[in-house]
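Working through the structure, step by step
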Amino acid sequence: MWPPHCGALRALSLSFALARSRRARTYSGERDVSYRQGQSPEPRTREYFYYLDHQGQLFLDDSKMKNFITCFKDLQFLVTFFSRLRPNHSGRYEASFPFLSPCGRERNFLRCEDRPVVFTHLLTEGDGSSRLSYCGGGEALVVPFEPARLLPLAANGRLYHPAPERAGGVGLVRSALAFELSAHFEYPPGDTTLPSHVSWRGRRLALTLDLAPLLTSAPQF
């Protein structure tokens, strides 16, 4: 039997897979990879394949239409999926799907447009502290907000923030939220390329840029 806590994840994955993936699909990335949603490479094991875009929306990898209507929205599903996310060391599809969310004997492979964690909302607590919520998980998927560790990357114009270590340690900030946070940046005189400080809740903080080595050394997903 499937573990009870995997029921929602398995049921949703299977229903979407059967509805949208009646035949084998080929994903062309670093190499061509053939798979079938819900395939069973060994007894009592199922495999599903997902894609995460730069807005933090999760889709079946082989969905032809990827937009807000077709992304996964069920909170329990998203929390289960991303709370179990880790690097893919399964020996299967590691090059094309670098992350894996296991659930019992179910393998859920993930590739992403940028990072496997995308911060979507800034939550403020009653004591005034702030947390960043990611990938549609609301208050169930959060990390403490560390404004001094925000990393603007000139190469792609995107903003990054520390993420759970199991997901690579660096997460992307969704563009709408990044635009809001950028209003707090301060730039050195005569240089509008990259900020040097961030003003947050009455404090002027120097940006540490300590995430840069993690980001530049990370594999391209």
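If you're wondering where the values come from, they're calculated on a predicted model, not measured in any experiment. (Residues numbered from 1 in each chain as written. Predicted model: local features only at pLDDT ≥ 70, side-chain atom pairs only at ≥ 80, totals over all residues. Heavy atoms only, no water.)

1. Comments concerning the overall build of the protein
Across its full length, the protein holds four helices and 16 strands. Out of the 221 residues in the protein, the part that is buried amounts to 46%. The long-range share in the protein, meaning contacts at least 24 apart out of those at least 6 apart in sequence, stands at 51%. Surface summary for the protein: the accessible area is close to 11,200 Å², and the carbon and sulfur share equals 54%. (Helix = DSSP H or I, 4+ residues; strand = E, 2+ residues; numbered from the N terminus. Buried < 20%, exposed > 50% of the residue type's maximum accessible area, 1.4 Å probe, protein only. Contact = heavy atoms within 4.5 Å. Areas by Shrake-Rupley, 256 points an atom, 1.4 Å probe, with all protein chains shown as cover.)

2. A few points about the pattern of salt bridges
In the structure shown here, the tally under the stated rule is eleven salt bridges. Notably, a salt bridge pairs Arg92 with Glu47, separated by 2.6 Å at the nearest N-O pair. Of this pair, Arg92 sits in the loop between strand S5 (86-87) and strand S6 (99-103) while Glu47 sits in strand S3 (residues 46-52), placing them 45 residues apart in sequence. Arg92 gets classed as partly exposed once you look at its relative accessible area, which sits at 28%. By relative accessible area, which is 0% here, Glu47 ends up buried. Taking the shortest distance from any N to any O, the salt bridge between Asp114 and Arg158 comes out at 2.8 Å. Residue Asp114 is found in the loop between strand S7 (106-112) and strand S8 (118-124), and its partner Arg158 is found in strand S12 (residues 158-162); the two are separated by 44 residues along the sequence. Judged by relative accessible area, which is 27%, Arg158 ranks as partly exposed. One network of salt bridges, in which partners are shared, links Glu42, Glu47, Arg92, Arg105 and Arg107. (Salt bridge = Lys/Arg side-chain N within 4 Å of Asp/Glu carboxyl O.)

3. Side note on unusual backbone geometry
A positive phi angle, near 55°, is found at Cys135, a position not held by glycine. Relative to the helices and strands, Cys135 resides in the loop between strand S9 (130-134) and strand S10 (142-144). Residue Cys135 is classed as buried on the basis of its relative accessible area of 1%. Within the chain, Arg201 stands out as a residue other than glycine whose phi angle is a positive 50°. With respect to the helices and strands, Arg201 occurs in the loop between strand S15 (197-200) and strand S16 (203-206).

4. Details of the confidence of the model for the protein
Reading predicted coordinates in detail is not appropriate for stretches of low pLDDT. Looking at the protein as a whole, its pLDDT mean stands at 87, while 83% of the residues score no less than 70. Ignoring residues within four places in sequence, the model shows residues 17-23, a span with pLDDT below 50, making twelve contacts including any to other chains. Here residues 26-30 is a poorly scored stretch, pLDDT under 50, and it has eleven contacts once near neighbours within four places are set aside; other chains count. (pLDDT = per-residue confidence, 0-100.)

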